[in-house]
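Residue strings, one per chain:
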Amino acid sequence: MQYKYCDHENFEDYASGRVLYSAEGVANFPVRLVNEIFGYAREHSVKKRDLCVYDPCCGGGYSLTVLGLMNADVIRQIYGSDIDTKMVEVAKKNLALLSEDGMEKRYAELEALYDLYGKSSHADALESIGRLKKRMHGRIATEIFVADCTQKLPPLSPDIIITDIPYGNLVEWNTESIHPLYDMLQQLASISHEDTVLAVSMDKKQSVIHPAWIRKKKQIAGKRKFEIYVREDPCQ
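Below: a short report on this structure. (Residues numbered from 1 in each chain as written. Predicted model: local features only at pLDDT ≥ 70, side-chain atom pairs only at ≥ 80, totals over all residues. Heavy atoms only, no water.)

**Some points on the overall build of the protein chain**
Then comes step 1: A count of helical and extended segments in the protein chain gives 7 helices and 7 strands.
Then comes step 2: Taken against the 2.2 N^0.38 rule, which gives 18 Å for 236 residues, the C-alpha radius of gyration of the protein chain at 18 Å falls within 12% of a compact globule.
Then comes step 3: For the protein chain, the C-alpha atoms occupy an extent of roughly 60 × 35 × 35 Å along the three principal directions.
Then comes step 4: Counting all 236 residues of the protein chain, 51% fall into the buried class.
Then comes step 5: A separation of at least 24 residues holds for 74% of the contacts in the protein chain among residues at least 6 apart in sequence.
Then comes step 6: As displayed, the protein chain has an accessible area near 12000 Å², and 48% of this comes from carbon and sulfur atoms. (Helix = DSSP H or I, 4+ residues; strand = E, 2+ residues; numbered from the N terminus. Rg over C-alpha atoms; globule rule 2.2 N^0.38 Å. Buried < 20%, exposed > 50% of the residue type's maximum accessible area, 1.4 Å probe, protein only. Contact = heavy atoms within 4.5 Å. Areas by Shrake-Rupley, 256 points an atom, 1.4 Å probe, with all protein chains shown as cover.)

This is how it looks when you write it as structure tokens:
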């Protein structure tokens with residue numbers, strides 16, 4: 001696919017386990033692709049800056065942290081939730097990197113590892129964290145919590161919802177919902193406002209069908225696809 005919003009560059013500073021914390025058993029979303037999806041979501045958003053972003057299936061918070069670091073000038077607030085408590089703990093550590101205190105704590109951890117083992121990988125990580133700190137534009141407010149996104153969610157009122165959903169069977173969704181994707185879309189509609197934009201990455205065989213959401217864009221990206229949705233106008 002041709003990229004419109006994210007140039008091709010070296011993204012090694014964002015590699016999982018380098019500065020950002022890794023979550024066991026989780027394949028992290030490509031840095032360039034998640035920024036491209038965010039760019040399209042922002043294109044369809046009435047609001048362009050001071051954005052509140054939410055990921056209801058955030059896993060270890062890798063994608064949200066990448067978005068916060070690379071779009072700190074336009075993001076004000078980040079929410080993330082996941083049904084897995086272990087993933088949420090990793091996500092909290094990652095999203096803490098969007099604050100000066102979190103970055104300093106991570107720097108101290110990496111510095112201690114380098115002093116102890118003297119590995120080149122730790123030295124590279126220290127260089128990476130120095131570059132990442134330069135991308136920060138103040139502190140992005142973050143809140144990460146445990147939640148089943150197919151059930152009732154708190155009233156977050158996000159401007160952009162961006163998520164990579166499971167492949168769709170009950171085991172991978174880790175929920176008792178019989179129709180998890182539809183139920184998630186219902187819950188997301190209930191917490192969003194009239195201008196909320198929804199960006200969903202999914203398997204090519206999956207379909208987002210819900211009366212509250214209107215598709216504005218569909219794009220194939222390798223083995224997956226992403227789609228951009230806006231709220232249905234209840235007056236129409």
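Additional details are given in the paragraphs that follow.
**Thoughts on the pairing of strand β7 (residues 224-231)**
Then comes step 1: Burial runs high along β7: 7 of the 8 residues are buried.
Then comes step 2: In this structure, strand β5 (residues 197-203) lies alongside β7, joined through 7 bridges in antiparallel fashion. When the bridges of β7 are listed, S201 appears paired with F226.
Then comes step 3: The sheet contact formed by strand β6 (residues 213-221) and β7 spans 8 bridges and is antiparallel. If you follow I214 over to β7, its bridge partner there is V230. (Pairing = 2+ DSSP bridges.)

**Digging into the environment of A199**
Then comes step 1: Tracing the chain through its elements places A199 in strand β5.
Then comes step 2: By relative accessible area, A199 is classed as buried at 1%.
Then comes step 3: For the pair A199 and L67, spaced 132 residues apart in the sequence, the C-alpha separation amounts to 13 Å.
Then comes step 4: Setting aside anything within four residues of it in sequence, one finds A199 in contact with I37, A41, I161, I162, T163, E227 and I228.

**Here we look at the packing of helix α4 (residues 100-117) against helix α5 (residues 120-133)**
Then comes step 1: With their axes 9 Å apart at the nearest point, α4 and α5 run at an angle of 160° to one another. In terms of their interaxial angle, α4 and α5 are classed as roughly antiparallel. As α4 packs across α5, the resulting crossing turns out to be left-handed. Contact with α4, carried on its side by M103, E104, R106, Y107, L110, E111, L113, Y114 and Y117, involves H122, A123, A125, L126, I129, L132 and K133 of α5 and no other residues of that element.
Then comes step 2: Residues that form the contact of α4 with α5 fall into these classes: 11 nonpolar, 1 polar and 4 charged. (Axes fitted to C-alpha atoms, helices over the stretch in contact; angles between N-to-C directions. Parallel < 35°, antiparallel > 145°, perpendicular 65-115°, else oblique. Left-handed = near helix turned anticlockwise from the far one by under 90°. Nonpolar A, V, L, I, M, F, W, Y, C, P; charged D, E, K, R; others polar.)

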